[in-house]
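# Coordinates in review
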Protein chains: 2
Amino acid sequence: MPRPKTRIQIRNSETILEAALDVFSAHGFRGATLDQIAEGAGLSKPNLLYYFPSKEAIHQTLLTRLLETWLDPLREMDPNGDPVAEVMGYVRRKLELSRDYPRESRLFAIEILQGAPRMREAIEGDLTALVAEKAKVLRHWMEEGRIARLDPVHLVFSIWALTQHYADFDVQVRTVLGEGHDPYAEAGAFLETLYMRLLAP
Amino acid sequence: MPRPKTRIQIRNSETILEAALDVFSAHGFRGATLDQIAEGAGLSKPNLLYYFPSKEAIHQTLLTRLLETWLDPLREMDPNGDPVAEVMGYVRRKLELSRDYPRESRLFAIEILQGAPRMREAIEGDLTALVAEKAKVLRHWMEEGRIARLDPVHLVFSIWALTQHYADFDVQVRTVLGEGHDPYAEAGAFLETLYMRLLAP
DNA sequence: GCAAGATCTGACCATCCGGTCAAAACCCAT
DNA sequence: ATGGGTTTTGACCGGATGGTCAGATCTTGC
């Protein structure tokens, strides 16, 4: 089964990945079982393994897809745009990603937390390269005096940390806030203030 | 074995917890095995279970200890001190915690990521209460015009997110920064700037 | 409507893992 | 040194889990 071709193959592959995302993001790789994924996908376990050669392969497929989604908002940061607006836009898009794809965020977090055993090369390659490229853009803006002088890489880290926190620590955030709060709306306002103050030259 | 009493009991219990922290923080609860912990502690598996009744019990002991360490720096924030200095002090202490106890940070992160199945009540109780108390202090400082008006709870979240990021995503941070960097020193400087700008009234 | 291929399944296997237990080894006060 | 309690261990158990396989069932192009 190199590449899905028939309609059934496409549909079932997607169903499996969807169910697997649920299970992997909730329990980690080791904590997830094929039976749980099969249950979630409404398929039998041997049928899962008809579409994917192994548990590992399902996980790998999810991680590969994930990284693209993850880096896109940063890629969109335009070197020719208005510096503050561009950074603010990135913050906003990244927060939306946390809000709309919390399972992906958690899957990624679990992987990195455990030392990125199945993502090392992607991080060393694409991710590092993209950050280096965008750090250069940020540094340029700083030299022009259009945003405050800061360590550009740590600036990016701060955006990652602050936005992913709301997806990854969702339980804690909601518990501490209590009832009657919209975490993401509040986070959006808070981060807006934070970065406006931080970036002002 | 209700409470360790003899010297051997104390020594072995500590050795086990130390090894268990290594393994749990690296692989999560489900990913950790008693054999790995036993290996790390230099004891046989049945001998582990002479000191702790179950894998679960070892994990629980670690989590309970952890929460204390974790909340202490926030507890130390003094309502009668200088507002900016107090918040900056908390940021610094929390970052030191990430630097000096990264395994504890990851253990905590994994637990929350997975929905805090074994920490719910602690989060709903002690943690939420402490944050509420300190949020009140922060709000008071804001009303006095001594620090900027912000959502105090999200301010605390931001401190957690930014400091824990360096422990939890250590692999990513080091990979992206490349050789010749001291992540925590740089983070200290960056966060100093960030919070000085954010808190200025 | 009928092969030929694609899809699906029940039964099964080997391994891993948390945990038990009886007995051995060890420690120490008398 | 000896006896009673403490500590340690090899052997083992039962259930879970990733994965296999032979064959049954369904789809589809003709």
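The name recorded for chain A in an unreviewed UniProt entry is TetR family transcriptional regulator, from Pseudotabrizicola alkalilacus.

Inspection of the region around DNA strand D gives 18 residues, with Leu34 of chain A together with Thr6, Gln9, Arg30 and Tyr51 of chain B positioned closest. Backbone atoms, meaning sugar plus phosphate, form 58% of the atoms of DNA strand D positioned within 4 Å of the protein. Contact distances for DNA strand D include 2.4 Å between a phosphate oxygen and a side-chain N or O atom of glutamine 9 of chain B. The separation between a phosphate oxygen of DNA strand D and a polar side-chain atom of tyrosine 51 of chain B is 2.5 Å. Among the secondary structure elements, those contributing two or more residues to the surface near DNA strand D are α3 (45-51) of chain A together with α1 (7-31) and α3 (45-51) of chain B. Taken together, the residues that form the surface near DNA strand D break down as eight nonpolar, seven polar and three charged.

A separate point is the packing of aromatic side chains. Under the defined criterion, the tally for this structure stands at 12 aromatic pairs over all chains. Measuring from ring centre to ring centre gives 6.1 Å for tryptophan 70 of chain A and phenylalanine 108 of chain A, while their planes differ by 40°; the resulting arrangement is tilted. Placement of tryptophan 70 of chain A in helix α4 (residues 55-75) and of phenylalanine 108 of chain A in helix α6 (residues 102-113) is noted, with a sequence separation of 38 residues between them. Ring geometry for phenylalanine 24 of chain B versus phenylalanine 29 of chain B: centroids 5.7 Å apart, planes at 10°, classification stacked. Taken individually, phenylalanine 24 of chain B and phenylalanine 29 of chain B each receive the classification buried, so the pair is uniform in this respect. Each member of the aromatic cluster is reached from another via a ring pair, and the members are Phe157 and Trp160 of chain A together with Tyr166 and Tyr184 of chain B. The cationic tip of lysine 55 of chain A hangs over the ring face of phenylalanine 29 of chain A; the distance from NZ or CZ to the ring centre is 4.7 Å. Note that arginine 118 of chain B overlies the ring of phenylalanine 29 of chain B, its terminal NZ or CZ placed 3.9 Å from the centroid.

Further remarks concern the protein's contact with DNA strand C. Thr6, Gln9, Arg30 and Tyr51 of chain A together with Lys55 of chain B are the nearest of the 18 residues found near DNA strand C. Serine 44 of chain A has a polar side-chain atom sitting 3.2 Å from a phosphate oxygen of DNA strand C. Going through the elements one at a time, α1 (7-31) and α3 of chain A together with α3 of chain B are the ones with two or more residues in the surface near DNA strand C.

To continue, consider helix α2 (residues 34-41) of chain B. Because the α-helix completes a turn every 3.6 residues, residues three or four places apart line up on one side. Residues and elements named next belong to chain B. Considered for burial, the residues of α2 that qualify are Leu34, Ile37, Ala38 and Ala41. The arc enclosing the buried residues of α2, seen along the axis, measures out at 100°, which places them on a common side. Along α2, exposed side chains directed more than 90 degrees from the buried face belong to Glu39 and Gly40. Against α1, α3 and α4 (55-75) lie the buried residues of α2. Following α2 by one or two positions, glycine 42 adopts a phi angle in the positive range, close to 70°.

Axis separation between helix α8 (residues 152-168) of chain A and helix α8 (residues 152-168) of chain B bottoms out at 9 Å; the angle between their running directions is 120°. Between α8 of chain A and α8 of chain B, the crossing angle belongs to the class labelled oblique. The crossing of α8 of chain A and α8 of chain B is right-handed. Contacts between α8 of chain A and α8 of chain B pair His154, Phe157, Ser158, Trp160, Ala161, Leu162, His165 and Tyr166 of chain A from the former with His154, Phe157, Ser158, Trp160, Ala161, Leu162, His165 and Tyr166 of chain B from the latter. Grouping the amino acids of the contact of α8 of chain A with α8 of chain B by side-chain chemistry returns 10 nonpolar, six polar and no charged.

Moving on: the layout of surface pockets. By volume, the largest pocket is sized at about 460 Å³. As for the largest pocket, its lining consists of 26 residues, of which His27, Arg30 and Gly31 of chain A together with His27 and Gly31 of chain B are closest to the centre. For the lining of the largest pocket, the secondary structure elements donating two or more residues are α1 and α6 of chain A together with α1 and α6 (102-113) of chain B. With seven residues, the single largest contributor to the lining of the largest pocket is α1 of chain B.

Cut-offs and rules
Residues numbered from 1 in each chain as written. Chains lettered and ligands numbered in written order. Predicted model: local features only at pLDDT ≥ 70, side-chain atom pairs only at ≥ 80, totals over all residues. Heavy atoms only, no water. Near = heavy atom within 4 Å. Polar contact = N/O pair within 3.5 Å; in protein donor to acceptor, adjacent residues only side chain to side chain. Helix = DSSP H or I, 4+ residues; strand = E, 2+ residues; numbered from the N terminus. Nonpolar A, V, L, I, M, F, W, Y, C, P; charged D, E, K, R; others polar. Phe/Tyr/Trp six-rings, centres within 6.5 Å; stacked < 30°, edge-to-face > 60°. Buried < 20%, exposed > 50% of the residue type's maximum accessible area, 1.4 Å probe, protein only. Lys NZ or Arg CZ within 6 Å of the ring centre and 35° of its normal. Arc of directions from axis to C-beta. Contact = heavy atoms within 4.5 Å. Axes fitted to C-alpha atoms, helices over the stretch in contact; angles between N-to-C directions. Parallel < 35°, antiparallel > 145°, perpendicular 65-115°, else oblique. Left-handed = near helix turned anticlockwise from the far one by under 90°. 1 Å grid on protein atoms, 1.4 Å probe; cavity = no way out; pocket = protein on both sides within 12 Å on 5 of 7 lines; lining within 4 Å. Points joined across faces, edges and corners; volume = space filled by probe spheres on them.

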